[in-house]
Amino acid sequence: MTTRGVLYVHSAPRALCPHVEWAVAGVLGVRVQLDWTRQPAAPGTWRSEFSWQASAGTASQLASALRGWDLLRFEVTAEPTPAAEGERYSSTPTLGIFHAVTGMHGDILVPEDRLRAALARSAAGESDLGAEVSRLLGKPWDDELESFRHAGEGAPVRWLHQVV
């Protein structure tokens, strides 16, 4: 089953840019040359984004390929298919990686076990329920990435297709 998605590299130091391209190429199985532009939200860093079309599960492969670099801010999304839910990954140097399952309208779907665990932590006095729900929905990542997203408005998007 094929899905479509978008990789947003919100900020990367210049020296890391070719490594990002090589990692993405390794996942997609095609040569990748991204169009990098300066990221005004973090001077000295660069941003890029592109849309891809490949098999379901590619978003998780892209996130895994990029997740080890502490100076990289990125998001990967995948649209749902008739056989698989959509996905969203967000990563920042301070928060690490966030993963969410998304439905056909882009809403985050929170699994029962994660909700029960949040309720249990709240009931035990370990945390506030509002903070737990906020984290389940990725709000800390959204808050940190918002200025980087805004700085990228109007940037060009390129489609890449996985070779099968």
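Residues numbered from 1 in each chain as written. Predicted model: local features only at pLDDT ≥ 70, side-chain atom pairs only at ≥ 80, totals over all residues. Heavy atoms only, no water.

1. With respect to the packing of aromatic side chains
For the record, the criterion: Pairing of aromatic rings covers Phe, Tyr and Trp, the last counted by its six-membered ring, and requires centre-to-centre distances within 6.5 Å; plane angles under 30 degrees mean stacked, over 60 mean edge-to-face, and any other angle means tilted. Throughout this description, the term charge over a ring refers to an Arg CZ or Lys NZ atom that lies within 6 Å of the ring centre and within 35 degrees of the ring normal.
Inspection of every chain in the model, using the stated rule, returns one aromatic pair. Cation over ring: Arg 14 sits above Trp 46, and NZ or CZ is 4.2 Å from the ring centre.

2. Considering helix 2 (residues 58–66)
The criterion, for reference: Think of it in three bands: with a 1.4 Å probe and only protein chains considered, a residue is buried below 20% of the maximum accessible area for its type, exposed above 50%, and partly exposed in between. Every helix listed is a DSSP run of H or I at least four residues long, and every strand listed is a run of E at least two residues long, numbered separately from the N terminus. When we speak of the arc, we mean the arc of directions from the helix axis to the C-beta atoms. The criterion used for residue contact is that any of the two residues' heavy atoms lie within 4.5 Å.
Buried within helix 2 are the following residues: Thr 58, Ala 59, Leu 62, Ala 63 and Leu 66. One side of helix 2 carries all its buried residues, which in axial view fall inside an arc of 135°. If you follow the buried residues of helix 2, they end up packed against strand 1 (2–13), helix 1 (17–28), strand 3 (45–55), strand 4 (73–78), strand 5 (86–92) and strand 6 (96–102).

3. Topic: the pairing of strand 6
The criterion, for reference: Paired strands, as defined in this entry, are two strands with at least two bridges between them according to DSSP.
Relative to strand 6, strand 5 is paired through seven bridges, and the arrangement is antiparallel. Counted as the bridge partner of Ser 90 is Phe 98 from strand 6. Hairpin connection, strand 5 to strand 6: the antiparallel pair is bridged by three residues. Pairing between strand 6 and strand 7 (residues 108–109): two bridges, direction antiparallel. Bridge assignment links Thr 102 to a residue of strand 7, and that residue is Ile 108.

4. Overview of the confidence of the model for the chain
For the record, the criterion: The score called pLDDT rates the predictor's confidence residue by residue, from a low of 0 to a high of 100.
Taken as a whole, the chain shows an average pLDDT of 91; of its residues, 92% reach a score of 70 or greater. Counting interchain partners and residues more than four positions distant, the pLDDT-below-50 stretch residues 156–161 has 21 contacts.

5. With respect to the nonpolar core
How we decide: Take the buried residues of types Ala, Val, Leu, Ile, Met, Phe, Trp, Tyr and Cys, join any two whose side-chain atoms come within 4.5 Å, and each joined set is a nonpolar core.
In this structure, Leu 7, Val 20, Val 24, Trp 36, Trp 52, Leu 72 and Val 76 are the most contacted members of the largest nonpolar core, which totals 28 residues. Those elements giving two or more residues to this core turn out to be strand 1, helix 1, strand 3, helix 2 and strand 4. At seven residues, the largest contribution of residues to this core is made by helix 1.

6. A closer look at the side chain of Thr 45
This is how the line gets drawn: Side-chain atoms alone can form a polar contact between residues adjacent in sequence; in general such a contact is a pair of N or O atoms within 3.5 Å, and within protein one must be able to donate a hydrogen while the other accepts it.
For Thr 45, the location among the structural elements is in strand 3. Classification of Thr 45 by relative accessible area gives buried; the value is 13%. There is a polar contact of 2.6 Å between the side chain of Thr 45 and the backbone oxygen of Ala 42. If near-sequence neighbours (up to four positions away) are discounted, Thr 45 is found in contact with Ser 11, Ala 12, Pro 13, Thr 37, Arg 38 and Gln 39.

7. What about a nonpolar patch on the surface?
Test applied: Two joining distances apply to patches: 9 Å for like charges and 5 Å for nonpolar side chains (Val, Leu, Ile, Met, Phe, Trp, Tyr), and every residue must have over 30% relative accessible area and no salt bridge. All accessible areas in this document rest on Shrake-Rupley with a 1.4 Å probe, and a residue is counted as covered only by the protein chains that are shown. Here, a salt bridge means any Lys or Arg side-chain nitrogen found within 4 Å of an Asp or Glu carboxyl oxygen.
Taken together, the side chains of Leu 119, Leu 129, Val 133 and Leu 137 present a nonpolar region at the surface, about 300 Å² in accessible area. Relative to the helices and strands, Leu 137 resides in the loop between helix 4 (129–136) and helix 5 (139–151).

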